[in-house]
Amino acid sequence: MGRGENDTMFQADPFDLNEYSKECERVFGVTPRPYWVPIEFGGYDIKIVLDKFGSNIIFSNGLRDPYSSGGILQNISDTVVAIYTQEGHHCLDVSTPMATDPDWLVAQRETEIKIIEGWLSKYVVPILTNDISACLLFQLDICFICNV
């Protein structure tokens, strides 16, 4: 956390929730709800939360990245998966591919692509009916779905 008023991008340390709440109310007209996320989604155990609410997520970690120690390193479900490599670091797999990329990085990207292709192949396009709600959903003035 920050050490003063304006010397980092983080809030000052120690953090004062009451002052922060007053500032949010004054500037944005809203009151922060700091405990809403764990109450709404089931606590502080990210694995439980993702198992209940998550799907189609790849947690890609390179173990040379210091953030990886706080990352998801094991699959949580069939659609919340972890892929990691000993050699990688932060965001390397999502950077622009280059001819000089090492084999392990190419393989990691290929694995990620295969997983995503699998998810896409299982996607079912919703069937629209002859229903005015479809027109409203897509905010169409002239509807070519139900001809109204």
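The model shown is predicted, which means the values in this text are computed figures rather than measured ones.

Criteria and thresholds
- Residues numbered from 1 in each chain as written.
- Predicted model: local features only at pLDDT ≥ 70, side-chain atom pairs only at ≥ 80, totals over all residues.
- Heavy atoms only, no water.
- Salt bridge = Lys/Arg side-chain N within 4 Å of Asp/Glu carboxyl O.
- Helix = DSSP H or I, 4+ residues; strand = E, 2+ residues; numbered from the N terminus.
- Core = buried A, V, L, I, M, F, W, Y, C linked by side-chain atoms within 4.5 Å.
- Buried < 20%, exposed > 50% of the residue type's maximum accessible area, 1.4 Å probe, protein only.
- Contact = heavy atoms within 4.5 Å.
- Expected span 1.5 Å × (residues − 1).
- Polar contact = N/O pair within 3.5 Å; in protein donor to acceptor, adjacent residues only side chain to side chain.
- Phe/Tyr/Trp six-rings, centres within 6.5 Å; stacked < 30°, edge-to-face > 60°.

A. Local environment of the pattern of salt bridges. Here the structure, examined in full by the defined rule, presents 3 salt bridges. One salt bridge connects Glu 23 with Arg 26, and the closest N-O pair in it is separated by 2.8 Å. On the criterion of helical spacing, the pair formed by Glu 23 and Arg 26 is a turn pair, its members being 3 residues apart in helix α1 (residues 17-28). Arg 109 is the salt-bridge partner of Asp 101, the closest N and O atoms lying 2.5 Å from each other.

B. Focus on the nonpolar core. Grouped together as the largest cluster of nonpolar side chains are 5 residues: Leu 50, Ile 72, Ile 76, Val 80 and Ala 82. If near-sequence neighbours (up to four positions away) are discounted, Ile 76 is found in contact with Lys 47, Leu 50 and Asp 51.

C. Geometry of α1. Here α1 contains 12 residues, and its C-alpha end-to-end distance of 16 Å stays within 8% of the 16 Å for a straight helix at 1.5 Å per residue. Between the side-chain oxygen at the start of α1 and the backbone nitrogen of Asn 18 there is a gap of 3.1 Å, and the oxygen is on Asp 16.

D. A look at the packing of aromatic side chains. Applying the stated criterion across every chain, the model contains 1 aromatic pair. Between Phe 15 and Tyr 20 the ring centres are 5.3 Å apart and the planes differ by 55 degrees, which places this aromatic pair in the tilted class. The exposure class of Tyr 20 is partly exposed, given its relative accessible area of 33%.

Everything listed here is a matter of geometry and, on its own, says nothing about what the molecule does.
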